[in-house]
Amino acid sequence: MITHGGRLPAETSRFFGRSHEAAAIQDALGRSRLVTLTGPGGTGKTRLAVKVAAGQALVFPDGVFLADLSAARDADAVARAVTAALGLPGQESQRDQPRPGWLAGQLSGEHLLLILDTCEHVVDACALLADAILRGGDGPRC
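Below is a short write-up of the structure.

Thresholds, definitions, all that
- Residues numbered from 1 in each chain as written.
- Predicted model: local features only at pLDDT ≥ 70, side-chain atom pairs only at ≥ 80, totals over all residues.
- Heavy atoms only, no water.
- Helix = DSSP H or I, 4+ residues; strand = E, 2+ residues; numbered from the N terminus.
- Buried < 20%, exposed > 50% of the residue type's maximum accessible area, 1.4 Å probe, protein only.
- Contact = heavy atoms within 4.5 Å.
- Areas by Shrake-Rupley, 256 points an atom, 1.4 Å probe, with all protein chains shown as cover.
- Salt bridge = Lys/Arg side-chain N within 4 Å of Asp/Glu carboxyl O.
- Pairing = 2+ DSSP bridges.
- Disulfide = S-S within 2.5 Å.

### Overview of the overall build of the protein
Thinking step 1. For the protein, the helix and strand inventory stands at five helices and three strands.
Thinking step 2. The secondary structure elements of the protein, listed N-terminal to C-terminal, are β-α-α-β-α-α-β-α.
Thinking step 3. Evaluated residue by residue, the protein yields a buried proportion of 39% over its 142 residues.
Thinking step 4. Sequence separation of 24 or more characterises 73% of the internal contacts of the protein that already satisfy a separation of 6 or more.
Thinking step 5. Working note: accessible area of the protein is about 7,900 Å², and carbon and sulfur atoms make up 54% of it.

### What to know about helix α4 (residues 99-107)
Thinking step 1. Those residues of α4 not exposed but buried are Arg99, Trp102, Leu103, Ala104 and Leu107.
Thinking step 2. Along its buried surface, α4 packs onto α3 (75-85) and α5 (123-136).

### Section: the pattern of salt bridges
Thinking step 1. Considering all chains together, one arrives at three salt bridges under this definition.
Thinking step 2. Across the pair Arg80 and Asp76 runs a salt bridge whose closest N-O atoms are separated by 2.3 Å. One end of the pair, Arg80, and the other, Asp76, are both in helix α3, four residues apart, so they sit about a helical turn from each other.
Thinking step 3. Residues Asp131 and Arg135 are paired through a salt bridge, measuring 2.8 Å at the closest nitrogen-oxygen approach.

### A word on the pairing of strand β3 (residues 113-117)
Thinking step 1. Counting buried positions along β3 yields five of five residues, so the element is predominantly enclosed.
Thinking step 2. Here five bridges tie strand β2 (residues 64-68) to β3, and the two strands are oriented parallel to one another. Following the sheet pairing, Ala67 is matched in β3 by Leu116.

### Brief notes about the state of the cysteines
Disulfides are covalent bonds that link the sulfur atoms of two cysteine residues.
Thinking step 1. All told, the structure shown has zero disulfides when counted by the stated rule.
Thinking step 2. Left without a disulfide partner, Cys119 is nearest to the cysteine sulfur of Cys126, which lies 3.4 Å away.

This is the structure in structure tokens:
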């Protein structure tokens, strides 16, 4: 079972501007289960995603979560980072099932928003994980 309520970093400063982009992301989340923000590093994609996600608590009653993948180097590390971000216990007893499948099973009944942050260096692993999660149930969004 996931840690309900979510896990987002606390704001440390005020957020100014970008209301047009925030509204577009909110609209996209209402229409699609997978939304991708792209752009050069350092342009504030993470900050914008977290700000929008924080305002979605009522829309996602099982929580909004941020999985920081900056330290991940392979598919297993991506899955471990997501598992930790969701507050799930390890997968030791489910060795017969691939971790993406296990995670999808854990999230199948949950109505939550998961931010996969800093994916560019593990994009294939993130794509496989997001696909498994989204195919595993109609509640989760990434």
